[in-house]
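# Working through the structure, step by step
Given next are the chains, with one letter for each unit.
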Amino acid sequence: MPVTTIEWLDKQVRIIDQTKLPHELVYLSLSEVDAVAEAIRSLRIRGAPAIGIAAAFGMALVAQNSKSATREAFFAHLESAAETLRKTRPTAVNLSWALNRMRQVVAEHCDQDIATIKKRLMEEAQSIYHEDQKICREIGAHGAALIPQAANVITHCNTGALATADFGTALGVLFAAHDQGKKLHVYVDETRPLLQGARLNMWELMQEGIPCTLICDSAAGFVMQRRKIDCCLVGADRIARNGDTANKIGTYSLAVNAKHHRLPFYVVAPVSSIDFKITGGVQIPIEERSPEEVRTALGHRLAPENSPAFNPAFDVTPHELITAIVTEAGIIYPPFEQALAALEK
Ligand code: MRU
């Protein structure tokens, strides 16, 4: 059983505080929407699907706690919470996708009593959570077919149980392949600056007993050149209609390296990570985080104080560099545009 990264428990949102991993396994119970927003902003909960789930539970929490005197005040309270949550992290489209689902519930039930709306919001948040569990397993089953019987794989950033409600997306594919008895060796990019690979992927893979080796992000090209690598697997925070994919900073460099070494480069994500409103990667908003995250390594100063630093949290891999996109609906090969459009509901 994968770890429970997020759940609704005792009228609160309970999460694992991922900033403490792998040294401490600390659970936080969030009882206010501002605490949920802070947890998303500071990456205590992170990964596109998990962020969406956190936002949905955040909305259920606001509804549950609301003491608004009038219906108008109740609706205004919900809308302002949705805005607070939406602004926490701009790149992962799963966040606004989940909030839109919650808003839709409010719109569809606006003429009903407040108790009914509160109940429906909780049910919708739970649906988003349970759907993600099922989606992870479907993605895992489709994606495992791409993994050879004995495979050396490179991955970037955490896309496992810690990023979803179940065993993950790209990492979930590896867990599914491992369950099928395939022999894997996973090279794990450390994922500077916040080290999701070093801290979170290594923790998850080692717990599952999957052979894995940690590498610096900049070692990926050399590893492709000198070791027999079969493919790269990464997740996504937002996929445009043409297949351009935003994912953790460093993904684009990995894709360029994979192209040079003629290695398959697979993007693995739920359909909720596809932004059907945008045609290409230039339209994807890229989160810029504090330069301090680059000047330091998890709080330890590396560079002279106030060194100018640039810290985009994501980059965009052009669709030409992507071999296939794996979703719960199956595996899509280029040209992506038409196949992705067919997934729009
Ligand atoms: O900044 P993070 O840790 O939230 O970034 C996460 C990623 O880039 C993941 O690859 C992506 O969200 C997919 S998680 C299944």
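Preceding block: the structure.
Residues numbered from 1 in each chain as written. Predicted model: local features only at pLDDT ≥ 70, side-chain atom pairs only at ≥ 80, totals over all residues. Heavy atoms only, no water.

## Here's the deal with the site of the ligand
- Neighbouring the ligand are 17 residues; Arg46, Ala48, Arg89, Asn247 and Lys248 lie closest to it.
- At 2.8 Å, a side-chain N or O of Arg89 approaches an oxygen atom of the ligand.
- One nitrogen or oxygen atom from the side chain of Asn247 is found 2.6 Å from an oxygen atom belonging to the ligand.
- When the ligand is considered free in solution it has 420 Å² of accessible area, and contact with the protein chains removes 100% of it. (Near = heavy atom within 4 Å. Polar contact = N/O pair within 3.5 Å; in protein donor to acceptor, adjacent residues only side chain to side chain. Areas by Shrake-Rupley, 256 points an atom, 1.4 Å probe, with all protein chains shown as cover.)

## A word on the packing of helix H2 (residues 48-65) against helix H5 (residues 114-144)
- The N-to-C vectors of H2 and H5 enclose an angle of 165°; their axes lie 9 Å apart at closest approach. If you check the angle between H2 and H5, you find them roughly antiparallel. Crossing angle aside, the handedness with which H2 passes H5 is left-handed. Taken together, the residues of H5 that come into contact with H2 (itself represented by Pro49, Ile53, Ala56, Phe57, Ala60, Ala63 and Gln64) are Lys118, Leu121, Met122, Ala125, Gln126, Ile128, Tyr129 and Asp132.
- Along the lines of polarity and charge, the residues of the contact of H2 with H5 split into 11 nonpolar, two polar and two charged. (Axes fitted to C-alpha atoms, helices over the stretch in contact; angles between N-to-C directions. Helix = DSSP H or I, 4+ residues; strand = E, 2+ residues; numbered from the N terminus. Parallel < 35°, antiparallel > 145°, perpendicular 65-115°, else oblique. Left-handed = near helix turned anticlockwise from the far one by under 90°. Contact = heavy atoms within 4.5 Å. Nonpolar A, V, L, I, M, F, W, Y, C, P; charged D, E, K, R; others polar.)

## As for the nonpolar core
- Ile6 and Val13 are the most contacted members of the largest nonpolar core, which has 43 residues in total.
- Of all the elements in the fold, those that place two or more residues in this core are strand E1 (6-9), strand E2 (12-16), helix H1 (33-41), H2, helix H3 (71-86), helix H4 (93-108) and H5.
- If one sorts the elements of this core by residue count, H2 sits on top with 13 residues.
- If sequence neighbours within four positions are ignored, Val13 has contacts with Ile6, Glu7, Trp8, Leu28, Ser29, Leu30, Val36, Phe57 and Leu61.
- Within the second largest apolar cluster, 29 residues are counted, among which are Ala151, Val186, Ile210 and Val326. (Core = buried A, V, L, I, M, F, W, Y, C linked by side-chain atoms within 4.5 Å. Buried < 20%, exposed > 50% of the residue type's maximum accessible area, 1.4 Å probe, protein only.)

## Regarding H4
- Over its 16 residues, H4 extends 22 Å from the first C-alpha to the last, a length consistent with the 22 Å expected when each residue adds 1.5 Å.
- Listed in full, the buried residues belonging to H4 are Val93, Asn94, Leu95, Ala98, Leu99, Arg101, Met102, Val105 and Val106.
- Its buried side turned inward, H4 meets H2, H3, H5 and strand E8 (238-239). (Expected span 1.5 Å × (residues − 1).)

## Brief notes about the side chain of Glu204
- Here Glu204 shows up in helix H7 (residues 196-208).
- Excluding residues that lie within four positions of it along the chain, Glu204 makes contacts with Asn158, Gly160, Ala161, Leu162, Leu171 and Phe175.

## Quick notes on the sheet that holds strand E15 (residues 330-332)
- Strands sit in the order E6-E5-E4-E7-E10-E14-E15 across an open sheet of seven strands; the sheet is mixed. This sheet does not close on itself; its edge strands, each paired only once, are strand E6 (212-215) and E15. Going across the sheet, the axis of each strand differs from the next one's by a mean of 25°, ignoring polarity.
- When strand E5 (residues 183-189) meets E6, the two strands line up parallel, connected through four bridges. Looking across to E6, one finds that Tyr187 is bridged to Thr213.
- Set on the sheet, H5 makes contact with strand E10 (265-268), strand E14 (324-327) and E15; between it and E14 the angle comes to about 145°. (Pairing = 2+ DSSP bridges.)

## Comments concerning the packing of aromatic side chains
- Summed over the entire model, instances satisfying the criterion amount to four aromatic pairs.
- Aromatic pair Trp8 and Phe57: ring centres 5.9 Å apart, planes at 35°, arrangement tilted. Of this pair, Trp8 sits in strand E1 while Phe57 sits in helix H2, and the two are 49 residues apart along the sequence.
- With relative accessibility at 18%, the residue Trp8 sits in the buried group.
- Accessibility expressed as a relative area gives 0% for Phe57, which makes it buried.
- Both rings, one in Phe57 and one in Tyr129, keep their centres 5.8 Å apart while their planes meet at 45°; by these two values the pair is tilted. In this pair, Phe57 is assigned in helix H2 and Tyr129 in helix H5, connecting sequence segments 72 residues apart.
- An aromatic cluster is built from Trp8, Phe57 and Tyr129, whose rings are joined through pairwise contacts. (Phe/Tyr/Trp six-rings, centres within 6.5 Å; stacked < 30°, edge-to-face > 60°.)

Everything listed here is a matter of coordinates, which is why it stays silent on function.
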